[in-house]
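Secondary and tertiary structure notes
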Amino acid sequence: MKKIVKILLIIICILLVAVVGLAIYAYEQNGTANVMKGEHNILLLTADPSEKRPGMGAVDMAYAIHVTDGNVDNLTPIYPGFLKHPTEIEPAAANAGKVNMYLHDTLWYEDTQKGAKLAQETVEYNTGIKTDAVVIVTPDAVQALLNSISPIDVPGYTGNGPNAAVQFIRDMTERKDSTMSRGTAVELLMKPIINASKDPKKAPGLFQALLEQYSKGNIVVIPHSLMGQFAISKGLKLL
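Residues numbered from 1 in each chain as written. Predicted model: local features only at pLDDT ≥ 70, side-chain atom pairs only at ≥ 80, totals over all residues. Heavy atoms only, no water.

Applying the stated criterion across every chain yields a total of zero aromatic pairs. A cation over an aromatic ring shows up here: Lys-114 above the ring of Tyr-109, its NZ or CZ 4.1 Å from the ring centre. (Phe/Tyr/Trp six-rings, centres within 6.5 Å; stacked < 30°, edge-to-face > 60°. Lys NZ or Arg CZ within 6 Å of the ring centre and 35° of its normal.)

Next comes the structure, spelled out in structure tokens:
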């Protein structure tokens, strides 16, 4: 479980990239079809595929991101453990009994769009936060984005292996002599990604990696049209 928690912290890195990437559309397209213009809340769900189920996996963490004309104003963490849907019942296979579905299990079904809707309804019912779009990410997507901008000039980060980011946070925060917090370790990885998104030389590779992970199903964006709009705005093609 500790490993999953660390993975979820790293996923915050992709949060800003995904949101900024989608929000860029607000500045590069016009007309009434631009759904990102003005104030919006985006729901980020971090999915753990290791918890097997028909859908993408368990929701280990959620964040509500308030965006105004493409600028990220606020990030609200939402802990899924005890939040329940107002009417949906847990699937029998979850062995939870006949209780209302937890946010943790909203991505249970193979129908991801249904799961995203259940998650939105659960968050709104429990927190009052109504969201306009959903972004779902997996740990594989996080590592792919980091790999796309390597080498990263972060002391202690080697970039070797599929779980290099997870290993970095473990190394930086779990040593007996370490004084670094997990938040600081994540920030060290976050900065290169944010900088790369603004770097004309690195941004194309970063955005292409985002689209590739989207095509592989490691990033899901609902409504789906948002990713298409983003691709058009950057001159990229969805695979």
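The structure having been displayed, the exposition proceeds.
All right, on to unusual backbone geometry then. Look at the link from Ser-150 to Pro-151: it is a cis peptide, with omega at 0°. Tracing the backbone through its elements, the reader meets Pro-151 in the loop between helix 4 (139-148) and helix 5 (164-174). (Helix = DSSP H or I, 4+ residues; strand = E, 2+ residues; numbered from the N terminus.)

The residue Glu-90 is located in the loop between strand 4 (84-89) and strand 5 (100-102) in this model. Only 2.8 Å separates the side chain of Glu-90 from the backbone nitrogen of Tyr-102, close enough to count as a polar contact. Apart from the residues lying within four places of it in its own chain, the contact partners of Glu-90 are Ala-96, Gly-97, Val-99, Asn-100, Met-101, Tyr-102 and Asp-105. (Polar contact = N/O pair within 3.5 Å; in protein donor to acceptor, adjacent residues only side chain to side chain. Contact = heavy atoms within 4.5 Å.)

Turning our eyes to something else, we now look at the pattern of salt bridges. Under the defined criterion, the tally for this structure stands at three salt bridges. The salt bridge involving Arg-53 is made with Asp-105; its shortest N-O contact spans 3.0 Å. Here the residue Arg-53 occupies a position in the loop between strand 1 (39-48) and strand 2 (58-68), and Asp-105 occupies one in the loop between strand 5 and helix 3 (112-127), the gap between them amounting to 52 residues. There is no split in this pair, since Arg-53 and Asp-105 are both buried. Linking Lys-117 and Glu-121 is a salt bridge whose minimum nitrogen-to-oxygen distance equals 2.4 Å. Here Glu-121 and Lys-117 lie together in helix 3, a separation of four residues that amounts to about one turn. Accessibility expressed as a relative area gives 49% for Lys-117, which makes it partly exposed. Linked by salt bridges that have partners in common, Glu-51, Arg-53 and Asp-105 make up one network. (Salt bridge = Lys/Arg side-chain N within 4 Å of Asp/Glu carboxyl O. Buried < 20%, exposed > 50% of the residue type's maximum accessible area, 1.4 Å probe, protein only.)

Running from N to C, helix 4 and helix 7 (residues 203-216) cross one another at 155°; their axes reach a closest spacing of 9 Å. Considered as vectors, helix 4 and helix 7 are oriented roughly antiparallel to each other. Crossing geometry of helix 4 relative to helix 7 is assigned as right-handed. Across from Asp-140, Ala-141, Ala-144, Leu-145 and Ser-148 in helix 4, the residues of helix 7 making contact are Gly-205, Leu-206, Ala-209, Leu-210 and Gln-213. (Axes fitted to C-alpha atoms, helices over the stretch in contact; angles between N-to-C directions. Parallel < 35°, antiparallel > 145°, perpendicular 65-115°, else oblique. Left-handed = near helix turned anticlockwise from the far one by under 90°.)

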